[in-house]
Amino acid sequence: MSFVRKRLRPRLLVVYALAAAAVFLSKPTPLSLAVGAIPIVLGEGLRLWATGHLHKNDSLTVGGPYAYLRHPLYLGTLLIGAGFLIMAWNAIAFGFAALFVLVYFGYYMPYKDRIESARLEALYGDTYRRYAAAVPRLVPRLHPYEPLAAERAPEKAWRSSRFADNNETGTAVVVALGVLCMVVRWGVS
């Protein structure tokens with residue numbers, strides 16, 4: 001039930017309507033489908049990796065992809081979006097993408113980053129400040145962040161239970177349905 005509630009928020013319904021319009025107006029080709037699948041698989045793989053490490057509200061997550069960048073879920077989403085843009089391959093989809101980039105980087109990402117950073121700083125203080133100073137937001141660092149010994153999470157391994165608790169299954173289903181819609185669109189065009 002939480003999957004349905006999370007996926008049917010009013011703001012997401014607008015996103016779904018725009019996505020449906022983009023699919024309907026798209027002109028996918030076998031090449032655009034194949035090339036677009038690459039960032040989609042990379043993005044969903046990054047999201048899967050991140051959610052399996054994410055300790056929401058239990059401890060500061062600095063393992064897995066969080067050792068390389070602070071927002072792996074956002075980067076994964078951007079890769080997935082880029083993959084769908086490549087699959088759609090038309091001017092209208094590129095227009096939607098330009099609007100998305102403006103809203104995402106101009107409003108949503110700075111807003112979420114301020115809120116999230118303030119919450120994490122309030123919870124973890126200097127530990128979070130050290131982490132935020134060392135780990136970039138979206139562009140991965142080359143070497144993993146190493147927290148001080150006292151700051152390490154008690155358990156760093158990827159866990160399927162965390163993947164499920166963080167509701168990533170629903171995102172994976174939506175992404176798979178999106179790819180299926182693009183393939184069907186190619187088949188009927």
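Our structure is the block above this text.
Every chain is numbered independently, its residues counted from 1 as its sequence is written. The model is predicted, so local features are restricted to residues of pLDDT at least 70 and side-chain atom pairs to those at 80 or more, both for listing and for counting; the totals for chains, interfaces and linings are taken over all residues. Side-chain measures were taken over the full set of non-hydrogen atoms in the model, leaving aside hydrogen atoms and water.

A.B. asks: Describe the environment of Cys 181, listing the residues and the values that go with them.
C.D. replies: Numbering of helices and strands starts at the N terminus; helices are DSSP runs of H or I of at least 4 residues and strands are runs of E of at least 2. Among the secondary structure elements, Cys 181 is positioned in helix 8 (residues 168–188). Exposed residues in this analysis have more than 50% of their type's maximum accessible area, buried residues have under 20%, and partly exposed residues fall in between, with area computed by a 1.4 Å probe over protein chains only. Assessed through its relative accessible area of 39%, Cys 181 is described here as partly exposed. For Cys 181 and Gly 170, which are eleven residues apart along the polypeptide, the C-alpha to C-alpha distance reads 16 Å.

A.B. asks: Explain the side chain of Arg 185 to me, using residue names and the numbers behind them.
C.D. replies: Relative to the elements of secondary structure, Arg 185 occurs in helix 8. One buried charge, Arg 185, has no salt-bridge partner; the nearest side chain with opposite charge is Glu 44, at 22 Å. Identification of polar contacts relies on pairs of N or O atoms within 3.5 Å, with a donor-acceptor requirement for protein atoms, meaning one able to donate a hydrogen and the other able to accept it, and with residues adjacent in sequence counted only if both atoms are side-chain atoms. Here the side chain of Arg 185 touches Ser 26 through a polar contact of 3.5 Å, landing on its backbone oxygen. When residues no more than four places from it in sequence are discounted, the contact partners of Arg 185 are Val 23, Phe 24, Ser 26 and Pro 28. Neither His nor the chain termini are counted; the positive set is Lys and Arg, and the negative set is Asp and Glu. Basic side-chain nitrogens of Lys or Arg form a salt bridge, by our definition, when they fall within 4 Å of a carboxyl oxygen of Asp or Glu. Contacts are assigned to residue pairs that have any heavy atoms within 4.5 Å of one another.

A.B. asks: Hey, could you go over helix 4 (residues 72–88) for me, with residue numbers and the actual values?
C.D. replies: How far a helix is expected to stretch is found by multiplying one less than its residue total by 1.5 Å. Taking 1.5 Å per residue as the helical rise, helix 4 with its 17 residues ought to reach 24 Å, and the 24 Å between its terminal C-alpha atoms agrees with that figure. Within the sequence span of helix 4, burial applies to Pro 72, Leu 73, Tyr 74, Leu 75, Gly 76, Leu 78, Ile 80, Gly 83, Met 87 and Ala 88. Residues of helix 4 that are buried sit in contact with helix 3 (30–51), helix 5 (91–124) and helix 8. Trailing helix 4 by a residue or two, Trp 89 shows a phi angle of about 45 degrees, which is positive.

A.B. asks: Can you tell me about the packing of helix 5 against helix 6 (residues 126–134), naming the residues and giving the values?
C.D. replies: Two elements in contact, helix 5 and helix 6, have axes whose closest approach is 6 Å; the angle formed by their N-to-C orientations is 135 degrees. On the basis of the axis angle, helix 5 is oblique to helix 6. Within the contact between the two elements, helix 5 uses Ser 117, Leu 120, Glu 121 and Tyr 124 and helix 6 uses Asp 126, Thr 127, Tyr 128 and Arg 129. Under the convention adopted here, Pro, Cys and the residues Ala, Val, Leu, Ile, Met, Phe, Trp and Tyr are nonpolar, Asp, Glu, Lys and Arg are charged, and Gly plus all remaining residues are polar. Here the residues of the contact of helix 5 with helix 6 are counted per class, giving three nonpolar, two polar and three charged. Axes here refer to lines fitted to C-alpha atoms; in helices the fit is confined to the stretch in contact. Angles between the N-to-C directions go from 0 to 180 degrees. Angle categories: roughly parallel below 35 degrees, roughly antiparallel above 145, roughly perpendicular from 65 to 115, and oblique for all the rest.

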